Amino acid sequence: MTVLLDAERLSRNFGGLMAVNNVSFQVIEGEIFGLIGPNGAGKTTLFNLMTGLTPVSGGTLFYRGEKLTGLPPHRIAAQGIGRTFQNIRLFKGLSAIENIRVAQHVRTECGLWGGFFSTALSRAEEKNVEKKARELLKLIGLADRAEELAANFSYGDQRRLEIGRALALEPDVLLLDEPAAGMNAGEKHALTEFIRGIREQFKLTILLIEHHVPLVMNLCDRIAVLNFGELIAVGNPVDVQKNRAVIEAYLGTE
Amino acid sequence: MADFIQNYGFLLVTLVQQSLLAMSLYYPLMAGQLSLASPGFYAFGGYIAAIMATVDCFAPWRDLLGWLMFPLEWLIAGSASAVLAFLVGLPALRLKGIYLALATIAFVEILRVISLNLEITGGAIGIFGIPQLFESRWGYIWTFGPLLLLMLFFSYRLDRSRVGRAFKAIREDELAADAMGINPTRYKVLSFVIGAVLAGVVGAMSAPFLNTWNARQGTFDASINYLAFVLIGGSRSMWGPLLGAALLASLPEILRPLKDSRLILNGLVLVFASIYLPKGIAGALGRLKRSGK
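Rules of the game
- Along each chain, residue indices are assigned from 1 in the same order as the chain's sequence is written.
- Ligands are numbered from 1 and chains lettered from A, in the order in which they are written.
- A pLDDT threshold of at least 70 governs which residues receive local features in this predicted model, and a stricter bar of 80 or more applies before side-chain atom pairs are shown or counted, although totals over entire chains, interfaces and linings include all residues.
- Paired strands, in this sense, are two strands between which DSSP finds at least two bridges.
- Numbering goes from the N terminus for both helices and strands, where a helix is a DSSP run of H or I of at least four residues and a strand is a run of E of at least two.
- In this analysis, axes come from line fits to C-alpha atoms, helices being fitted only over the stretch in contact, and the angle between any two N-to-C directions falls in the range 0 to 180 degrees.
- Note on terminology: angles under 35 degrees are roughly parallel, angles over 145 are roughly antiparallel, angles of 65 to 115 are roughly perpendicular, and the others are oblique.
- Crossing chirality is assigned from the near helix's rotation relative to the far helix, an anticlockwise turn below a right angle marking it left-handed and a clockwise turn marking it right-handed.
- With C-beta atoms placed from the backbone, a contact is any residue pair whose C-beta atoms sit within 7 Å.
- By the convention adopted, Pro, Cys, Tyr, Trp, Phe, Met, Ile, Leu, Val and Ala count as nonpolar, Lys, Arg, Asp and Glu as charged, and the other residues, Gly among them, as polar.
- To estimate how far a helix should extend, the number of its residues minus one is multiplied by 1.5 Å.
- Each residue is classed by its C-beta neighbour count within 10 Å, where at least 20 other C-beta atoms makes it buried, 12 or fewer makes it exposed, and intermediate counts make it partly exposed; the C-beta atoms are placed from backbone geometry.
- To obtain the arc, one takes the directions from the helix axis to the C-beta atoms.
- Start and end points for every domain follow an automatic or database-based domain assignment.

Engineer: Please clarify how the sheet that holds strand β10 (residues 230-235) of chain A should be interpreted in this entry.
Structural biologist: Each strand in a sheet pairs with its neighbour through backbone hydrogen bonds, running either in the same direction (parallel) or in the opposite one (antiparallel). All names here are of chain A. Strands sit in the order β6-β7-β8-β3-β9-β10 across an open sheet of 6 strands; the sheet is mixed. The sheet is open, and its two edges are formed by β6 (81-83) and β10, each paired on a single side. Along the sheet, successive strands turn relative to each other by an average axial angle of 15°, direction set aside. Pairing of strand β3 (residues 32-36) with strand β8 (residues 205-209), which is carried by 4 bridges, proceeds in the parallel orientation.

Below, the structure is given as structure tokens:
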């Protein structure tokens, strides 16, 4: 059991609001780690702190023993941490396949001149980029719509394309922010199987934020519960469901 | 043919030159950066070439190099523009959208005022009697023409390369690009530098072409003109700046018989194109091509 991610007292305040308050937890290699909590509990802020999109007010995040906090987002991504966004942030004016090509940036190194002169390195790289983009499109079931603009896809397809784009980074850790939002029961079930599948195939460690409790309970190995920016419980799904503080956070006190 | 070149040669070369300047705006736009700095670098490059071609201390160089002095001027103008663009771009590209546009307009103005007041740039009179590379104005098609072809090829390759994709990703969503491992600052500055180098080299080529060089070369008006070229032509395709410059730069000539009212028509074209061709001529042509398939 290797600890992959180690968050130590992560905090972020927006003015007087403590969006994330002294949150500490560890994520173990290969697990699916769920993050749940009522609206406004600070789940997405926590993801943003972990990926560098929002600077921390305090605390440190370690990845394989190395400090991540303080690095810009692109450096964190290059370390092998991919993510999706709650409000889908695809490159909407680009085609599906171009979205996936773009995300292979950190796995390639050809510069301006290599591209201009179409050097051997650049041609070899482009061939690989193309091959991997096709493979990933096939995996997410959009192979026959490669050239369509990302903006034209349905909500569910956009969510899958965004996961595909994150996978193009060849990440070790994948952060999924509400991947099932807006999906119907059938789609949610398919998504559960899909997430299990990519974990096996790419040896991923997955963190996911999700509101749909049955999906989280079914999919996650461990769950952390946030409420008003504070971590109120961490553990396996069965224990967390029985946790008094969690029940109070969701249902209120008598 | 000889008559045609006699009458329209200058206009054609000007069209190519204007297309190149429009393209210099296209590269930053490709990375989503609205920069109007091109006329500044154009003027800067032109002054470098004009000074190298006329000032006494460069006379031994000119005697030694002969016509090779001209390519040397382009090279130095391009390199100096790259350095200047890097120094200006690094702080300026922290600004977004209209604020970046304003900062780059300010940059053009600063360069203009400096050149008006320096002795080496000839003050308000400027530099005149710049030695010619060709006997006729038409001859300059042999400098601007190959440069345009080179830049078209460059744009074509850029569009399909890793760097070009990074530009487009930043244009579409800078934050998402950052989260996908693309360093936005690096690529924004790079796109700005590419545009600046092109404008600088075009300036250096234009100094002998126009024979004189003064502070009227890099102005706010020019910034707006080039922007109009790109917007009317289409900012999402490498053909956009070319089409826009070809149309808008030749329009005043085509409409010459209309005398003073041609400016009104010119303005109307701008207004209607921005309403009915939001993605420019290139965008509209692309749509036609797709629907025809």
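Still more to cover.
Engineer: Hey, could you run me through the packing of helix α2 (residues 38-54) of chain B against helix α4 (residues 69-92) of chain B in this one?
Structural biologist: Working note: a packed helix pair is described by the angle between its axes plus the distance between those axes. Residue and element names in this part refer to chain B. Between α2 and α4, the shortest axis-to-axis distance is 9 Å and the interhelical angle comes to 140°. Taken together, the axes of α2 and α4 lie oblique to each other. In this structure, α2 meets α4 at a crossing whose hand is right-handed. Here Phe-41, Phe-44, Gly-45, Ile-48, Ala-49, Met-52 and Ala-53 of α2 lie close against α4, whose contacting residues are Glu-73, Ile-76, Ala-77, Ala-80, Ser-81, Leu-84 and Ala-85. Taken together, the residues of the contact of α2 with α4 sort by class into 11 nonpolar, 2 polar and 1 charged.

Engineer: Looking at this structure, I do not really get the pairing of strand β2 (residues 17-28) of chain A. What am I missing?
Structural biologist: In regular strands, side chains alternate between the two faces of the sheet. Residues and elements named next belong to chain A. Here 8 bridges tie strand β1 (residues 3-14) to β2, and the two strands are oriented antiparallel to one another. Bridging from a neighbouring strand, Leu-10 pairs with Val-23 of β2. Count of turn residues in the β1/β2 antiparallel hairpin: 2 residues, of which Gly-15 carries a positive phi of about 60°.

Engineer: How should I be thinking about the packing of helix α10 (residues 220-233) of chain B against helix α11 (residues 239-254) of chain B in this particular structure?
Structural biologist: All names here are of chain B. Interaxial distance between α10 and α11 falls to 7 Å at its minimum, and their mutual angle equals 115°. Classified by the interaxial angle, the pair formed by α10 and α11 is roughly perpendicular. Between α10 and α11 lies a crossing of right-handed hand. Each of Ala-228, Phe-229, Val-230, Ile-232 and Gly-233 in α10 lies in contact with α11, whose residues at this interface are Gly-240, Pro-241, Leu-242, Leu-243, Gly-244, Ala-245, Leu-247 and Leu-248. Its residues assigned to classes, the contact of α10 with α11 comprises 10 nonpolar, 3 polar and no charged.

Engineer: What is the right way to read helix α5 (residues 97-117) of chain B from this model?
Structural biologist: Since there are 3.6 residues in each turn of an α-helix, residues three or four apart along the chain are aligned in direction. Residues and elements named next belong to chain B. Helix length check: α5 (21 residues) gives 31 Å between terminal C-alpha atoms against 30 Å at 1.5 Å per residue, within 8%. For α5, the set of buried residues is Leu-100, Thr-104, Phe-107, Val-108, Leu-111, Arg-112 and Ser-115. Down the axis of α5, the sector holding all buried residues measures 130°, keeping them to one side. Exposed residues on α5 whose side chains face more than 90 degrees from its buried face are Ile-98, Tyr-99, Ile-110, Val-113 and Asn-117.

Engineer: It is not clear to me how helix α5 (residues 120-139) of chain A should be interpreted in this structure. Could you clarify?
Structural biologist: Residues and elements named next belong to chain A. In this model α5 runs 29 Å from its N-terminal to its C-terminal C-alpha over 20 residues, within 8% of the 28 Å that 1.5 Å per residue would give. Looking only at α5, the buried set comprises Ser-122, Glu-125, Val-129, Ala-133, Leu-136 and Leu-137. Buried residues of α5, seen end-on, are gathered within an arc of 100° and therefore sit on one face of the element. Of the exposed residues in α5, those oriented more than 90 degrees away from the buried face are Ala-120, Arg-123, Ala-124, Lys-127 and Lys-131. Along its buried surface, α5 packs onto α3 (96-102), α4 (112-117) and α6 (155-167). Downstream of α5 by one or two residues, Gly-141 has phi in the positive range, about 75°.

Engineer: Explanation requested: unusual backbone geometry in the structure shown.
Structural biologist: As a rule of thumb, non-glycine residues mostly have phi less than zero, and peptide bonds are mostly trans rather than cis. With a phi angle near 30°, Ile-88 of chain A is a residue other than glycine that sits in the positive phi range. With 19 C-beta atoms packed within 10 Å, Ile-88 of chain A lands in the partly exposed category.

Engineer: It is not clear to me how the interface of chain A and chain B should be interpreted in this structure. Could you clarify?
Structural biologist: Where interface size is given, it is often the accessible area lost as the parts come together that is meant. Listed per partner, the contact involves 27 residues of chain A and 20 residues of chain B. Among the elements of the structure, α2 (73-78), α3 and α4 of chain A are those that each provide at least two residues to the side of chain A that touches chain B. Along the lines of polarity and charge, the residues of the side of chain A that touches chain B split into 13 nonpolar, 8 polar and 6 charged.

Engineer: In this structure, what is going on with the domain arrangement of chain A? I would like to understand it.
Structural biologist: Residue and element names in this part refer to chain A. Examined at the domain level, chain A breaks down into domain 1 (1-80 + 171-254) and domain 2 (90-154 + 162-168). Look at where the C-alpha atoms of domain 1 and domain 2 centre, and you get two points 28 Å apart. Elements supplying a minimum of two residues to the side of domain 1 that touches domain 2: α2, β7 (173-177) and α7 (185-202). When the residues that make up the side of domain 1 that touches domain 2 are grouped by side-chain class, the tally is 8 nonpolar, no polar and no charged.

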